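Spelled out, the chains give:
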Amino acid sequence: MITGEHKLTYGRIGLSSIHTGARRRLAKRLVDIDDAFLLSINQDKNYLLLLLQEADSWKLVEDTAADPSRGQVEVYHELAIDPEGLPVLCRLAQQAAEATPSRPPGRPAVYDDAKEGQDIYVAHVYEGKSIRTIAKDMKMSPSTVQKILNRVRFQVADKLVAGELSLTPDTFAYGPSLDVLRWAMKNSEGELQEKYRTFLRSVL
């Protein structure tokens, strides 16, 4: 089922990296999986090959984007695979992943989330700077930067759910906002997690 010439690449992929309108089935799938890694891409055919991790299972996914101008609907195929049968593939994919941040603790913040927190959020989410780079620039420890970033992520996610921040597909902030919502869902539990999941599904 995997055919054609494809450029082999490795790296984590999120909702902000795909066209959610043209890849609606893939987008909805990404809401619930733990991690997704881009293995191959053929831009001429709008084709992606991905490795998805869901709990202890792995899925190999082929997705060809919808193209209304050509009367083409999205084509999505998913195949369960045995990680032991693809040790090199899994190892390379896992090495590309960043450590999953933990839920921020409830103790009072040392820094002001409205000031330093926003600077950290913008630098990481919109400018793509690493935690270490931000820590060096702001003269903080990486762990402090991570804690502040996590708090602000939850604050942004809550404002998106409450409608205090807009979530419009044709804006630059749309992709990053989807990623923040998904991050908040993965790093919360119970009713709060379900709130993020329900809202995220409703906007895809």
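Remember, predicted model here, so these are calculated numbers, not experimental data.

Along the chain, the regular secondary structure elements total seven helices and five strands. Listed by position from the N terminus, the elements making up the chain come as β-α-β-β-β-β-α-α-α-α-α-α. Out of the 204 residues in the chain, the part that is buried amounts to 42%. As displayed, the chain has an accessible area near 11500 Å², and 51% of this comes from carbon and sulfur atoms.

Attention now goes to the pattern of salt bridges. Inspection of every chain in the model, using the stated rule, returns 10 salt bridges. The partner of E54 in a salt bridge is R29, and the shortest N-O contact between them spans 2.8 Å. With E54 in strand β3 (residues 47-54) and R29 in helix α1 (residues 24-32), this pair connects stretches of sequence that are 25 residues apart. Classification of E54 as partly exposed rests on a relative accessible area of 26%. Where salt bridges share partners, they join D32, E194, R197 and R201 into one cluster.

Per the counting criterion, the structure on display carries four aromatic pairs. Their ring planes at 40° and their centres at 6.5 Å tell us that F154 and Y196 sit as a pair that is tilted. Note that F154 is positioned in helix α5 (residues 142-162) and Y196 in helix α7 (residues 190-203), a separation of 42 residues in sequence. Here F154 falls in the buried class, since its relative accessible area comes to 6%. Residue Y196 is classed as buried on the basis of its relative accessible area, which comes to 0%. Among the aromatic residues, ring-to-ring pairing joins Y121, Y126 and F172 into one connected group.

Before going further, it helps to spend a moment on the confidence of the model for the chain. One rule of thumb: low pLDDT means the predicted coordinates there are not for detailed reading. Per-residue confidence for the chain averages 79 on the pLDDT scale, and 81% of its residues sit at or above 70. Low pLDDT (under 50) marks residues 1-10, which in the prediction has 25 contacts with non-local residues, meaning those over four places away or in another chain.

Turning next to α5. Here α5 spans 30 Å end to end across 21 residues, near enough to the 30 Å set by a 1.5 Å rise per residue. Every buried residue of α5 is listed here: V145, I148, L149, N150, R151, V152, R153, F154, V156, A157 and L160. For α5, the elements touching its buried residues are α3 (113-126), α4 (131-138), α6 (174-186) and α7. Count one or two residues on from α5 and you reach G163, which has phi positive near 85°.

Two elements in contact, α5 and α7, have axes separated by 10 Å at closest approach and are oriented at 55°. On the basis of the axis angle, α5 is oblique to α7. Of the two elements, α5 crosses α7, and the hand of that crossing is left-handed. Every residue of α7 that contacts α5 at F154, A157, D158, L160 and V161 is listed here: K195, Y196 and F199. Taken together, the residues of the contact of α5 with α7 break down into six nonpolar, no polar and two charged.

Thresholds, definitions, all that
Residues numbered from 1 in each chain as written. Predicted model: local features only at pLDDT ≥ 70, side-chain atom pairs only at ≥ 80, totals over all residues. Heavy atoms only, no water. Helix = DSSP H or I, 4+ residues; strand = E, 2+ residues; numbered from the N terminus. Buried < 20%, exposed > 50% of the residue type's maximum accessible area, 1.4 Å probe, protein only. Areas by Shrake-Rupley, 256 points an atom, 1.4 Å probe, with all protein chains shown as cover. Salt bridge = Lys/Arg side-chain N within 4 Å of Asp/Glu carboxyl O. Phe/Tyr/Trp six-rings, centres within 6.5 Å; stacked < 30°, edge-to-face > 60°. pLDDT = per-residue confidence, 0-100. Contact = heavy atoms within 4.5 Å. Expected span 1.5 Å × (residues − 1). Axes fitted to C-alpha atoms, helices over the stretch in contact; angles between N-to-C directions. Parallel < 35°, antiparallel > 145°, perpendicular 65-115°, else oblique. Left-handed = near helix turned anticlockwise from the far one by under 90°. Nonpolar A, V, L, I, M, F, W, Y, C, P; charged D, E, K, R; others polar.

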